[in-house]
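Summary of the model geometry
The primary structure of each chain is shown beneath.
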Amino acid sequence: MTTTAPATAPAEGAGDIEDAGHVDVLIVGAGVSGIGAAHHLRDTFPDRTFVILDAQDNRGGTWWTHRYPGVRSDSDLFTYGYRFKPWRGPSIAAGEEILAYLDEVIDEDGLDQHIRLRHRVTAASWSTRDRRWTVEVTHCETGQRLRFTTGFLWMCPGYYNHAKPYRPRWEGMDRFQGVIVHPQRWPDDLDLDGKRVVVIGSGATAATLIPAIAGKAEHVTMLQRSPSYYLARPVTDELAVTLRALDIPEEWTYEILRRHNAARQQELARMSAAAPRQLHTFLMESIRPLLPEGFDVDKHLTPRYRPWQQRIAVVPNGDLFAALREGKASIVTDTIEAFTEHGITVSCGEEIPADVVVTATGFNLSLFGDVAFTVDGEPVDFTGHVTWRGIMINGVPNMAYVFGYFRHSWTLRVDLVSDLVSRLLATMRDKGATMVVPTLRPQEADMPLLPWCDPENFSPGYVMRSQDALFKQGDREPWTHMLEHDEEREILPKADLDDGTLVYR
Ligand SMILES: Cc1cc2nc3c(=O)[nH]c(=O)nc-3n(C[C@H](O)[C@H](O)[C@H](O)COP(=O)(O)OP(=O)(O)OC[C@H]3O[C@@H](n4cnc5c(N)ncnc54)[C@H](O)[C@@H]3O)c2cc1C
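All of the points below concern the structure found in this document. (Residues numbered from 1 in each chain as written. Predicted model: local features only at pLDDT ≥ 70, side-chain atom pairs only at ≥ 80, totals over all residues. Heavy atoms only, no water.)

Focus on the packing of helix α11 (residues 410-431) against helix α13 (residues 485-494)
Across the interface, α11 lies against α13 with an axial gap of 9 Å and an inter-helix angle of 15°. Viewed along their axes, α11 and α13 adopt a mutual orientation that is roughly parallel. The two elements α11 and α13 meet at a crossing, and its hand is left-handed. Residue-level inspection shows L412, R413, L416, L420 and R423 of α11 in contact with α13, the latter providing H485, E488, R489, L492, P493 and K494. (Axes fitted to C-alpha atoms, helices over the stretch in contact; angles between N-to-C directions. Helix = DSSP H or I, 4+ residues; strand = E, 2+ residues; numbered from the N terminus. Parallel < 35°, antiparallel > 145°, perpendicular 65-115°, else oblique. Left-handed = near helix turned anticlockwise from the far one by under 90°. Contact = heavy atoms within 4.5 Å.)

Here's what the structure looks like:
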């Protein structure tokens, strides 16, 4: 896709930084969240000026960064699609199909002219006197520094560093004669024909990649320290087939499928808390018949945590297990000792031969796109701040962020948060306010501050590795970040924006 500059009014005082103008709303991130936020903003406030800045050289966020073979959604697209645009494709979609869907939204809403790619936001400074943010940006290609100003900052930068994937260092990596790749940086020209491939990791990425390359490579070994949960699911959604065959409006079909699938996700999430043993048994039984005879399920596929304490990876049509059955792939469950010239040695002494090693080892969490925030000249140390409904931060004016669900489709929350932000902007307009800041009330001053994510509830590696650097949540509404869509879809639309926790000026 191409970009053109939006029409903006000139900002004051630029120095060696180029003045890039003023917009009513500045959105950081052109992924699923940023594009969704822009749609809702346009829909509710067609007259407001806005710009979407993204550091990458194309739109799509996650779906542009991850272009490894077979990349696809884990969620069904009926809930991963936006509320406002029916998904017409298969339930589980390829990365390219999701990008094409996002392109349709961009086209239909005319967002193209508002998106500026290769624009990395580095700093954001709020001035109460001027009632605006000054946002510093570096052009990723030219190095040119730019300065935007905006009345409202909408952070949609996702949760991980797109430029620097997480890759632990192992002894001997330098002497390895083969190729080491990370799924976040997949080389277009990587030839796996007849190669022995080791994929380090057991999460959704490994489960997606392995069946996609198993036919091409000589052999693929999944090397995991410990197993993850998998849910084998048919690619074809029978309800979708039935409904699409009927002569009913597409919007109805979409809404029914969304509700049906959201309820199914909710039931899994509910069971993970209320009946974890039962859910464990259900998940294990869904995969057991698909495994090769004599397969050591306890060692390789029985996780040591409660289901949903980490993401459950979907295996469409059991494709990963088919690769195991056909002998094209195998699993080694052990700890890496070192890389050798021609492979990897593990604790039991075995050497796994490899021409290509894929480190599907996850992400480096990035808080608000690693943007340096200041409020009235004071740097913001987010570790001392608390979330307001998982949408704003106390003491940080005119800033909202989008963080989707872990256990449900991310996008369900994009729509809900966007609705609330639209309501917030309308409330500001109606009150004649130019500033809104989440503020702890006197009765909340001594509220215990809890970790942003309770490890008992959800504990993926990238969150646990960075929990110390994150903002906190309180022990009561509205200072909590809810993880369950079922609760939030009731609470957020009714959330009182005049309860004293939002101070308007
Ligand atoms: C391979 C993979 C599969 C996934 N599958 C699913 C799934 O099936 N279902 C699900 O619910 N979730 C899934 N997820 C989670 C996924 O990240 C979210 O669904 C969603 O794509 C996040 O969208 P986002 O727009 O919030 O963030 P991102 O997709 O991360 O996009 C953020 C954008 O912001 C830009 N950005 C960040 N910081 C800055 C900055 N300082 N300046 C300028 N630009 C910046 C980035 O360049 C990026 O383009 C998956 C994740 C991965 C990696």
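Structure's up, so let's keep going.
Description of helix α1 (residues 32-44)
The first and last C-alpha atoms of α1 sit 18 Å apart over 13 residues, in line with the 18 Å expected at 1.5 Å per residue. Looking at α1, one finds that the buried residues are V32, S33, G34, I35, G36, A37, A38, H39, H40 and L41. (Expected span 1.5 Å × (residues − 1). Buried < 20%, exposed > 50% of the residue type's maximum accessible area, 1.4 Å probe, protein only.)

Details of the sheet that holds strand β7 (residues 179-181)
If you trace the five strands from one edge of the open sheet to the other, you get β7-β16-β8-β9-β12, paired in parallel fashion. Each edge of the open sheet is held by one strand with a lone partner, namely β7 and β12 (329-333). Pairs of neighbouring strands in the sheet enclose a mean axial angle of 20°, with direction left out of account. By the bridge criterion, five bridges tie strand β9 (residues 219-224) to β12 in an arrangement that is parallel. Within the sheet, the bridge partner assigned to M222 lies in β12 and is I331. (Pairing = 2+ DSSP bridges.)

Quick look at the environment of L190
By secondary structure assignment, the location of L190 is in the loop between β7 and β8 (196-200). Distance in space between the C-alpha atoms of L190 and V179 is 9.1 Å, their sequence separation being eleven residues. Excluding anything up to four places from it in sequence, L190 contacts V179, V181 and V356.

Let's talk about the environment of L209
Inspection of the secondary structure assignment puts L209 in helix α5 (residues 204-214). Accessibility expressed as a relative area gives 0% for L209, which makes it buried. Residues L209 and A360, spaced 151 residues apart in sequence, show a C-alpha to C-alpha distance of 9.2 Å. In this structure L209 touches Y68, P69, W186, V199 and V358, once residues within four positions along its chain are discounted.

A look at the site of the ligand
In the region of the ligand, 33 residues are neighbours, and S33, D54, D74, S75 and Y80 sit closest. Between the ligand and Y80, the relevant distance is 2.7 Å, taken from an oxygen atom to a side-chain nitrogen or oxygen of the residue. Those elements that provide at least two residues to the shell around the ligand are α1, α2 (62-65) and β4 (119-127). Split by residue class, the shell around the ligand holds 14 nonpolar, 15 polar and four charged. (Near = heavy atom within 4 Å. Polar contact = N/O pair within 3.5 Å; in protein donor to acceptor, adjacent residues only side chain to side chain. Nonpolar A, V, L, I, M, F, W, Y, C, P; charged D, E, K, R; others polar.)

Looking at the sheet that holds strand β15 (residues 351-353)
Taken in spatial order, the three strands make up an open sheet running β13-β14-β15, and their pairing is antiparallel. A single partner strand is all that each edge strand has here, and the edge strands are β13 (336-339) and β15. Averaged over all neighbouring strand pairs, the angle between strand axes comes to 25°, with direction disregarded. Where strand β14 (residues 343-346) meets β15, three bridges bridge the pair, whose relative direction is antiparallel. Bridge pairing in β15 places G343 opposite P353.

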